[in-house]
Amino acid sequence: MMDWVPVVFITFKVLAFGICMFFAIKWHYDQGKKGKDTRALLRNSAKVAVIFIVVLGGVLFLAFSLAKTLGLDLSLP
């Protein structure tokens, strides 16, 4: 009965992060059109993407660490 909850929450999290990342890159791209050169814009976008991946990994690590500390079973069926 509760098997669908992680699927819904993970899907929501992926969609939310994806939408936020899209708008962050779009904002940086639009700021770049105002006078910055394209190389600097792409470099900044790559930095933002790398920081996002690192933070996402950290959040996943903390979530699984907390779940394991609380004694939740995280093994796959």
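Structure: above.
Every value quoted in this text rests on a predicted model; they were computed, and no experiment measured them.

Rules behind the numbers
Residues numbered from 1 in each chain as written. Predicted model: local features only at pLDDT ≥ 70, side-chain atom pairs only at ≥ 80, totals over all residues. Heavy atoms only, no water. Helix = DSSP H or I, 4+ residues; strand = E, 2+ residues; numbered from the N terminus. Rg over C-alpha atoms; globule rule 2.2 N^0.38 Å. Buried < 20%, exposed > 50% of the residue type's maximum accessible area, 1.4 Å probe, protein only. Areas by Shrake-Rupley, 256 points an atom, 1.4 Å probe, with all protein chains shown as cover. Lys, Arg positive; Asp, Glu negative; His and termini not counted. Charge placed at Lys NZ, Arg CZ, Asp CG, Glu CD. Contact = heavy atoms within 4.5 Å. Axes fitted to C-alpha atoms, helices over the stretch in contact; angles between N-to-C directions. Parallel < 35°, antiparallel > 145°, perpendicular 65-115°, else oblique. Left-handed = near helix turned anticlockwise from the far one by under 90°.

J.: Describe in detail the overall build of the chain, supporting the description with residues and values.
T.: Along the backbone of the chain there are 2 helices and 0 strands. Here the C-alpha radius of gyration of the chain, 17 Å, is well above what a compact globule of 77 residues would show, namely 11 Å. Overall, the C-alpha framework of the chain stretches about 55 × 25 × 15 Å when taken along its three principal axes. Relative to its 77 residues, the chain shows a buried fraction of 9%. Counting only carbon and sulfur atoms, one obtains 76% of the accessible surface of the chain, whose full area is about 6800 Å². Counting 9 positive and 4 negative side-chain charges, the chain places the averaged centre of each group 15 Å from the other.

J.: So what's going on with the side chain of Ser45? Residues and values would help.
T.: By secondary structure assignment, the location of Ser45 is in helix α2 (residues 38-69). With residues near it in sequence (within four places) discarded, Ser45 still touches Ile25 and His28.

J.: Could you give an account of the packing of helix α1 (residues 4-32) against α2, naming the residues involved and the relevant values?
T.: It is at 10 Å that the axes of α1 and α2 come closest, and there the two elements cross at 160 degrees. Judged by the angle between their axes, α1 and α2 are roughly antiparallel. In the packing of α1 onto α2, the handedness of the crossing is right-handed. Note on element contacts: α2 touches α1 through Leu41, Ser45, Val48, Ala49, Phe52, Leu56 and Val59, opposite Lys13, Phe17, Met21, Ile25, His28, Tyr29 and Gly32.

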